[in-house]
There are 4 protein chains.
Amino acid sequence: MSVRLLAHTPDAARVVAAAARLCYSDATALSLMEGLDETKASAFLAHLNRSGHFSPFEHASFTFAVDGISRVCSHQLVRHRLASYSQQSQRYVEMGSVRVVLPPSVAGDAEASRVFLEAAAAAHEAYAKLVALGLPKEDARYLLPHGWETRLVVTMNARELHHFFSLRLCRRAQWEIRDLAREMLRLVLAVAPSLFSLSGPSCVVRGTCGEARPCGRPYASVEELLA
Amino acid sequence: MSVRLLAHTPDAARVVAAAARLCYSDATALSLMEGLDETKASAFLAHLNRSGHFSPFEHASFTFAVDGISRVCSHQLVRHRLASYSQQSQRYVEMGSVRVVLPPSVAGDAEASRVFLEAAAAAHEAYAKLVALGLPKEDARYLLPHGWETRLVVTMNARELHHFFSLRLCRRAQWEIRDLAREMLRLVLAVAPSLFSLSGPSCVVRGTCGEARPCGRPYASVEELLA
Amino acid sequence: MSVRLLAHTPDAARVVAAAARLCYSDATALSLMEGLDETKASAFLAHLNRSGHFSPFEHASFTFAVDGISRVCSHQLVRHRLASYSQQSQRYVEMGSVRVVLPPSVAGDAEASRVFLEAAAAAHEAYAKLVALGLPKEDARYLLPHGWETRLVVTMNARELHHFFSLRLCRRAQWEIRDLAREMLRLVLAVAPSLFSLSGPSCVVRGTCGEARPCGRPYASVEELLA
Amino acid sequence: MSVRLLAHTPDAARVVAAAARLCYSDATALSLMEGLDETKASAFLAHLNRSGHFSPFEHASFTFAVDGISRVCSHQLVRHRLASYSQQSQRYVEMGSVRVVLPPSVAGDAEASRVFLEAAAAAHEAYAKLVALGLPKEDARYLLPHGWETRLVVTMNARELHHFFSLRLCRRAQWEIRDLAREMLRLVLAVAPSLFSLSGPSCVVRGTCGEARPCGRPYASVEELLA
């Protein structure tokens, strides 16, 4: 899996803080933004974050290039509807070689790995036979394993990212989308730390768990979660 | 594939017509609705439909039970973000026997069918082996073919259904989601004919094609499309 | 203010419960729904509600006719984006007589009431003068007071309604949209009690307050809130 | 009315073009983006624009500071649900002096202007009286005219902007939101010309009108519309 940040709203913390301030001021957003340095913006964002007033966070947008996640993971990802996606098409692009995500549980077991890799190779061979027989790629791919790799460009705003992190960094989420979420959080923390300093599942953000069946191993901090 | 209508807004045509009328009247929606019989509502909806004023169509909602579509098709389906989905989970439900969608192009070719069915069976066998070795179902499924069957409950409002039909009944869409869209259109036409009498791709609705590369075989009518 | 339920998903509790069960079963949604009576559905929904798994609640939809709220209130209302609205147009409908919402704080003060009613009448008189001078209604209305009455048809699904109630039944919301939310909650409780038995601001639902500045008068129950 | 661009996705044309290309290539989005200069990206975007494939346009986001539009206009604006808004609150900010938008039709008529300005001043005077009597600002504002000025921060992506321009630059839209849309189009054209070179109502984009009652004065080009 490779995740990169393709683009993001410049000066995001000041834009979000100015938008939030506008609601309670009689001044233009531009003058509010000019009056905010990074430190003041940070302090104000921490306050919004703690009180759950996330709507101004929507003004900051982040675009990721995601390569090498499975179609299992992309099917989960695109269920987040407040986001934008462009995905590599298996209808138009021919799958020339075996590219499948190996789950860590499988990788850690020699016998399972053998079964897995042989089955993935056999599936791709059957796919290639169908293509060679003249069948449409879009139909031959019905044989490709769910673990087949895909590529996407994904855009989410900072409010949706907080929501995404709260669900997908929880230990109850599947390992692959958790890995993806962790990479995304690392990237946005690097460019907009004050927007994401307090982000993640309920154990990290509120110190409590809302799941019906808690995992029993709450994270103590964002740092632990990213370690 | 099996598609059924689980529920829908009762008296949908009159609800939509009353909402549309409200914008231009000085009367309550309730009195407007009482003043509309099915015939008047139909005439008014035909007018809205032709002039592209679809926002009142959002007040009518339709819930479908979809069984036996492939995960290829469900991955395309859930890209429609103005809709609601509940989908059978492969993380929690064990896949006990081979249930895979056979594309018509494959079914029509003896050699391709043999390759396809053997490969699907082999993939499921490998899946079962991994489960027997104690691996999590959620990881074993990385071997299941994209064509594996799934189940969903899907809710869309009438405006989004029009949009869905315009894209997914076009011959450029893949055959499986076109089959699904056709079943859905049949079902909603049966219970709310005046909401959907003019629905489908641009060739049917406007008599012209907006695609960069037209298919060259435009539909003449909804009837032809459903035949 | 008058709020009525124009339409709603029939048998909503069973539809939602069947959709939720589908995720963890190997059965069709139809058979799951047939296997659920009202009592079983209720028990299951209470479980979903407590654990915050609201996505199946989206399959149930509710359409309201709202008459006689102010444009202050409707401007707040339409900020809820996961909903559908049709609103009476002041561009096309002439405002023939004074119809303005009198805030309770004003109504409780004789001097304030006098000022308010005189000013509202004067504003309407000026509006009528402009219309009589031949100006477009859409421009004359720039003089109508914010409190002027409007009508809407509003559709929300049960998930969004829970979100709406959590924000708009809080004592920090303005009295008018709280009155509206209270009427809406009464109406949906009457037709789908098991979907809404635990609904409202955080004090009611979780027993705690998430506001930065709590009001200090938490509600103990839905009943108290509706009393 | 004053409209400024607070922030936007940097290098938006190349980001959108790379995302669009990803669907049909076997390459990373990053490498596709590096392979695109402004000219190639432009040519590709023109192709997407003409064929109506707008989904990759969602990856580019634009944030505007809007000052001095009326609450009539902001009520229309926030009906666009695929956007983010932060608006100055009349609950918390006291309205110290008369700030009301004068419609051009009124400004062009001496008698109408006199009536309008006197009525607006009288309304504000009544508002101030109520505040002086100790009434909450949030209730006193029920007397402020619809034309009262407000401020917002608005974020839309390029796809929603195209949709917004198609509806709100049509001569059938009210003059104030058309003025706003025109300012917004000017601003995005300056920073991302290839994303918006073909944008506006149906007469400009398709050369035909889809309205039930056409205005009879179609625009010939974006230039005419902006003149």
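Keep in mind that what you see is a predicted model, and the values were worked out from it rather than measured. (Residues numbered from 1 in each chain as written. Chains lettered and ligands numbered in written order. Predicted model: local features only at pLDDT ≥ 70, side-chain atom pairs only at ≥ 80, totals over all residues. Heavy atoms only, no water.)

Undergrad: I tried to follow the overall build of chain A on my own but got confused; where do I start?
TA: Broken down by element type, chain A carries 12 helices and four strands. Principal axes of the C-alpha set define a box for chain A whose edges measure 70 × 40 × 25 Å. Among the 227 residues that make up chain A, the fraction classed as buried is 59%. The contacts of chain A with a sequence gap of at least 6 include a subset with a gap of at least 24, amounting to 74%. When the accessible area of chain A is evaluated, it comes to approximately 8500 Å², of which 53% is carbon and sulfur surface. Measuring between centres, the 25 positive side-chain charges of chain A sit 4 Å from its 22 negative side-chain charges. (Helix = DSSP H or I, 4+ residues; strand = E, 2+ residues; numbered from the N terminus. Buried < 20%, exposed > 50% of the residue type's maximum accessible area, 1.4 Å probe, protein only. Contact = heavy atoms within 4.5 Å. Areas by Shrake-Rupley, 256 points an atom, 1.4 Å probe, with all protein chains shown as cover. Lys, Arg positive; Asp, Glu negative; His and termini not counted. Charge placed at Lys NZ, Arg CZ, Asp CG, Glu CD.)

Undergrad: I'm lost on the sheet that holds strand β4 (residues 149-157) of chain A in this one. Help?
TA: Strands in a sheet are paired, the pairing made by backbone hydrogen bonds, and the direction either parallel or antiparallel. Residue and element names in this part refer to chain A. Within the open sheet, the four strands sit side by side as β1-β2-β4-β3. Their pairing is antiparallel. Every other strand in the sheet has two partners, leaving β1 (2-8) and β3 (84-87) as the edge strands with one partner each. Shown here is a sheet whose adjacent strand axes are inclined to one another by a mean of 20°, direction ignored. Of the strand pairs in this sheet, strand β2 (residues 61-70) and β4 are connected by nine bridges, and their pairing is antiparallel. Paired with S70 across the strands is E149, a residue of β4. Helix α8 (residues 158-168) contacts β2 and β4 of the sheet and is inclined by roughly 125° relative to β4. Sheet strands touched by helix α9 (residues 175-191): β1, β2 and β4. Its angle to β2, the strand with the most contacts, is close to 145°. (Pairing = 2+ DSSP bridges. Axes fitted to C-alpha atoms, helices over the stretch in contact; angles between N-to-C directions.)

Undergrad: Any chance you could explain the interface of chain C and chain D here in plain terms?
TA: Often, the extent of an interface is quoted as the loss of accessible area upon association of its parts. Tallying the contact residues gives 48 residues for chain C and 48 residues for chain D. Both faces combined, the contact of chain C with chain D buries some 4100 Å², and carbon together with sulfur accounts for 59% of it. Where chain C meets chain D, there are zero salt bridges. Listing elements by their share of the side of chain C that touches chain D, those giving two or more residues are α4 (71-77), β3 (84-87), α5 (104-107), α6 (110-132), α7 (137-140) and α9 (175-191) of chain C. (Buried area = accessible area lost by both parts, 1.4 Å probe. Salt bridge = Lys/Arg side-chain N within 4 Å of Asp/Glu carboxyl O.)

Undergrad: Sorry, what's going on with the UniProt feature "binding site: FAD" (unreviewed entry) in chain A here?
TA: All names here are of chain A. Under the present numbering, the feature "binding site: FAD" (unreviewed entry) in UniProt falls on S55, R79, H80, R81, Q87, N157, A158, R159 and H163. Look at the named residues: they lie 109 residues apart in sequence, and the longest C-alpha span between them is 27.7 Å, so in the fold they stay spread out. Residue placement: S55 occurs in the loop between α3 (38-51) and β2. Tracing the sequence through the fold places A158 in helix α8. With relative accessibility at 0%, the residue A158 sits in the buried group. Those residues in contact with A158 that sit more than four places away from it in its chain are F57, A60, F62, L195 and F196. (UniProt positions renumbered as here; feature names shortened; annotations may be inferred.)

Undergrad: Would you mind going over the relation of the copies chain B and chain A with me for this structure?
TA: One copy of the chain maps onto the other through a rotation about an axis plus a displacement along that axis. When chain B is fitted to chain A, the best match, at an RMSD of 0.0 Å, comes from turning it 180° and sliding it 0.0 Å along the axis. In the structure described here, the two chain copies are related by an operation that fits a two-fold rotation axis. Ranked by how close their C-alpha atoms come to the rotation axis, the residues of chain B are headed by P145 of chain B, at 2.2 Å. With an isologous cut-off of 70% or more, the 100% of interface residues of chain B that recur at the interface of chain A puts this contact in the isologous class. (Least-squares fit on C-alpha atoms with pLDDT ≥ 70 in both.)

Undergrad: When you look at the side chain of Q174 of chain B in this model, what are you seeing that I'm missing?
TA: Along the chain, the position of Q174 of chain B falls in the loop between α8 (158-168) and α9 (175-191). Residue Q174 of chain B is classed as buried on the basis of its relative accessible area, which comes to 2%. Within the structure, Q174 of chain B has its side chain in polar contact with the side chain of R141 of chain A (distance 2.6 Å). Ignoring anything within four residues of it in the chain, the contact list for Q174 of chain B reads R91, E138, D139, R141 and Y142 of chain A together with V72 and Q76 of chain B. (Polar contact = N/O pair within 3.5 Å; in protein donor to acceptor, adjacent residues only side chain to side chain.)

Undergrad: Any chance you could explain the pairing of strand β2 (residues 61-70) of chain B here in plain terms?
TA: Both faces of the sheet carry side chains from a regular strand, because those side chains alternate between them. Residue and element names in this part refer to chain B. The buried fraction of β2 amounts to 10 of the 10 residues, a majority that puts the element mostly inside the structure. Pairing analysis gives six bridges linking strand β1 (residues 2-8) to β2, with the strands arranged antiparallel. Along β2, the bridge assignment pairs H8 with F62.

Undergrad: In this structure, what is going on with the pattern of salt bridges? I would like to understand it.
TA: Oppositely charged side chains can form a pair if their charged atoms are brought close together. A full pass over the atoms with the stated rule returns 48 salt bridges over all chains. Taking the shortest distance from any N to any O, the salt bridge between E138 of chain A and R91 of chain A comes out at 2.6 Å. With E138 of chain A in helix α7 (residues 137-140) and R91 of chain A in the loop between β3 and α5 (104-107), this residue pair connects regions lying 47 residues apart in the sequence. In this structure R91 of chain A comes out as buried when scored by relative accessible area, which is 18%. Among the salt bridges present, the one from E224 of chain C reaches R171 of chain C, with a minimum N-O distance of 3.9 Å. Remark: R171 of chain C occurs in the loop between α8 (158-168) and α9 and E224 of chain C occurs in helix α12 (residues 222-226); sequence separation between them is 53 residues.

Undergrad: Would you explain the interface of chain B and chain A in this entry?
TA: Contact with chain B, which involves 48 residues of that partner, is made by 48 residues of chain A. Among the residues chain B hides against chain A, the three largest losses belong to H75, Y142 and H146 of chain B. Together they make up 21% of the total. For the pair chain B and chain A, the number of links is zero salt bridges. Our count for the contact surface shared by chain B and chain A stands at 31 residue pairs in polar contact (both at pLDDT 80 or more). Every element with two or more residues in the side of chain B that touches chain A is listed here: α4 (71-77), β3 (84-87), α5 (104-107), α6 (110-132), α7 (137-140) and α9 of chain B.

Undergrad: Please clarify how the sheet that holds β3 of chain B should be interpreted in this entry.
TA: Taken in spatial order, the four strands line up as β1-β2-β4-β3 (chain B) in an open sheet, and their pairing is antiparallel. At either margin of the open sheet sits one strand with a lone partner, and together these are β1 and β3 of chain B. Strand-to-strand twist across the sheet, computed as the mean angle between neighbouring axes with direction ignored, equals 20°. As paired strands, β3 of chain B and strand β4 (residues 149-157) of chain B are joined by four bridges and run antiparallel to one another. Opposite S84 of chain B, over in β4 of chain B, you have T155 of chain B as the bridge partner. Together, β1, β2 and β4 of chain B form the strand contacts of α9 of chain B, whose direction differs from that of β2 of chain B by roughly 145°. Helix α1 (residues 12-22) of chain C rests against β1, β2, β3 and β4 of chain B of the sheet, and its axis sits at about 145° to β4 of chain B.

Undergrad: Sorry, what's going on with the domain arrangement of chain A here?
TA: Residues and elements named next belong to chain A. Taken domain by domain, chain A consists of domain 1 (2-85 + 150-226) and domain 2 (91-147). Placing a centre on the C-alpha atoms of domain 1 and another on those of domain 2 gives a separation of 34 Å. Taken residue by residue, the interface counts eight residues in domain 1 and eight residues in domain 2. Carbon and sulfur atoms supply 65% of the area buried between domain 1 and domain 2, which totals about 500 Å² over both sides. Viewed at the interface, domain 2 and domain 1 are joined by zero salt bridges. On the surface where domain 1 and domain 2 come into contact, there are two residue pairs in polar contact (both at pLDDT 80 or more). Sorting the residues of the side of domain 1 that touches domain 2 by element identifies β2, α4 (71-77) and α9 as the ones contributing at least two each. (Domains from an automatic or database assignment.)

Undergrad: Whenever I open this one, the relation of the copies chain C and chain D confuses me. Can you help?
TA: When chain C is fitted onto chain D, the two copies agree to an RMSD of 0.0 Å after a turn of 180° and an axial shift of 0.0 Å. Here 100% of the interface residues in chain C have copies in chain D that are interface residues too; the copies meet face to matching face.

Undergrad: In this structure, what is going on with the packing of helix α1 (residues 12-22) of chain A against α3 of chain A? I would like to understand it.
TA: The description of two helices packed together rests on the angle between their axes and the distance between the axes. All names here are of chain A. Interaxial distance between α1 and α3 falls to 9 Å at its minimum, and their mutual angle equals 60°. When the interaxial angle is binned, α1 and α3 end up oblique. For the element pair α1 and α3, the recorded crossing hand is left-handed. Touching A13, R14, V16, A17, A20 and R21 of α1 are E38, A41, F44, L45 and L48, all from α3. (Parallel < 35°, antiparallel > 145°, perpendicular 65-115°, else oblique. Left-handed = near helix turned anticlockwise from the far one by under 90°.)

Undergrad: Looking at this structure, I do not really get α6 of chain C. What am I missing?
TA: Here α6 of chain C contains 23 residues, and its C-alpha end-to-end distance of 33 Å stays within 8% of the 33 Å for a straight helix at 1.5 Å per residue. Looking only at α6 of chain C, the buried set comprises A112, S113, V115, F116, A119, A120, A123, H124, A126, Y127, L130 and V131 of chain C. Those residues of α6 of chain C that are buried are in contact with α5 and α7 of chain C together with α6 (110-132) of chain D. The residue sitting at the N-terminus of α6 of chain C and contributing the capping side-chain oxygen is D109 of chain C; that oxygen lies 3.1 Å from the backbone nitrogen of E111 of chain C. Once α6 of chain C finishes, G134 of chain C follows within two positions and takes phi at roughly 95°, a positive value. (Expected span 1.5 Å × (residues − 1).)

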